[in-house]
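Listed below are the residues making up each chain.
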Amino acid sequence: MIAKGKSISHGAAALEYDLAKQISGKAAATEVCRNELYGSTGADMIQEMKPYFADFPNVKNTCLRFEVSPSIEESETMRPNDWKRLADDFLERMGLKNHQYVVVKHSGTETRKNQAHLHILVNRVSLSGELYKDNWIGKRATEAANCIARERNLVQSKDIGKANREEIKQAMDGILARMQGFDLAGFSRELEKLGFRVR
């Protein structure tokens, strides 16, 4: 299982994306759970968070955003209550159960249509008014996911990373073997045709 986390200032835009996700023109987003948020749109929910930000006018990044992704094989067998339990466990390990949050499941990505995963948006200010420290948030998210994966006997993030690196290496080797001469632009185009984003 892999988890990513970061502190963001664009909560409404992130939440609108999470709620409206489509793959090949079909809805791919399902709300899993929420806490102390009642709005129907991302903008409405962020408005509900704003009173909590009032005591922290200098804080730019007011929300935390996480992606939690079990392996494809593991996510295929998960039912709605399993996704909710995963979200609850993750939020508990991160110390965020006393915050406003919304959890949305995406059934896949553009390149991996069966890679189900969770998007979690959390107010950095708790319901009791404390500001959540966001230093090392990505590392803490990874550690929380690894703990959950160990407890549930799921694939660890480092193992998924190794498999992903091997898949990328094989794709690159295949493209290089077919190329007459090396051309970075052509190499990048061929990788993108296979679903890899080149940065």
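Look up: the structure comes first, before these words.
Residues numbered from 1 in each chain as written. Predicted model: local features only at pLDDT ≥ 70, side-chain atom pairs only at ≥ 80, totals over all residues. Heavy atoms only, no water.

Peer 1: Help me understand the overall build of the protein, please; the structure alone is not making it clear to me.
Peer 2: When helices and strands are counted, the protein shows seven helices and seven strands. The order of α-helices and β-strands along the protein, N terminus first, is β-α-β-β-β-α-β-α-α-β-β-α-α-α. By principal-axis analysis of the C-alpha atoms, the protein measures approximately 60 × 35 × 35 Å. Put simply, of all contacts in the protein between residues at least 6 apart along the chain, 71% involve residues at least 24 apart. Just so you have it, the protein exposes about 11300 Å², and 51% of that area is on carbon and sulfur atoms. Positive and negative side-chain charges in the protein, numbering 31 and 27 respectively, have mean positions lying 3 Å apart. (Helix = DSSP H or I, 4+ residues; strand = E, 2+ residues; numbered from the N terminus. Contact = heavy atoms within 4.5 Å. Areas by Shrake-Rupley, 256 points an atom, 1.4 Å probe, with all protein chains shown as cover. Lys, Arg positive; Asp, Glu negative; His and termini not counted. Charge placed at Lys NZ, Arg CZ, Asp CG, Glu CD.)

Peer 1: Before we go on, may I ask you to explain the environment of Ala 149 in this structure?
Peer 2: Mapped onto the elements of the fold, Ala 149 is located in helix H5 (residues 137-152). With a relative accessible area of 0%, Ala 149 lands in the buried category. Through-space distance from the C-alpha of Ala 149 to that of Gly 5 is 17 Å; in sequence the pair is 144 residues apart. (Buried < 20%, exposed > 50% of the residue type's maximum accessible area, 1.4 Å probe, protein only.)

Peer 1: Even after reading the chapter, I still don't get the packing of helix H4 (residues 80-94) against H5, so can you show me in this structure?
Peer 2: Remark: H4 packs on H5, axes separated minimally by 9 Å, with the N-to-C direction vectors making an angle of 130 degrees. When the interaxial angle is binned, H4 and H5 end up oblique. The crossing of H4 and H5 is right-handed. In contact with Asp 82, Arg 85, Leu 86, Asp 89, Phe 90, Arg 93 and Met 94 of H4, H5 contributes Ile 137, Arg 140, Ala 141, Ala 144, Ala 145, Cys 147, Ile 148, Glu 151 and Arg 152. Taken together, the residues of the contact of H4 with H5 break down into nine nonpolar, no polar and seven charged. (Axes fitted to C-alpha atoms, helices over the stretch in contact; angles between N-to-C directions. Parallel < 35°, antiparallel > 145°, perpendicular 65-115°, else oblique. Left-handed = near helix turned anticlockwise from the far one by under 90°. Nonpolar A, V, L, I, M, F, W, Y, C, P; charged D, E, K, R; others polar.)

Peer 1: For this particular structure, what's the right way to read the packing of aromatic side chains?
Peer 2: For any two aromatic rings, the description comes down to two numbers: the centre-to-centre distance and the angle of the planes. Across all of its chains, the model carries two aromatic pairs by this definition. Ring centres of Phe 66 and Phe 90 lie 5.2 Å apart, and the angle between their planes is 70 degrees; on these two criteria the pair is classed as edge-to-face. Here Phe 90 lies in helix H4 and Phe 66 lies in strand S5 (residues 63-69), a separation of 24 residues in the sequence. Per residue, the accessibility class of Phe 66 equals that of Phe 90, and both read buried. (Phe/Tyr/Trp six-rings, centres within 6.5 Å; stacked < 30°, edge-to-face > 60°.)

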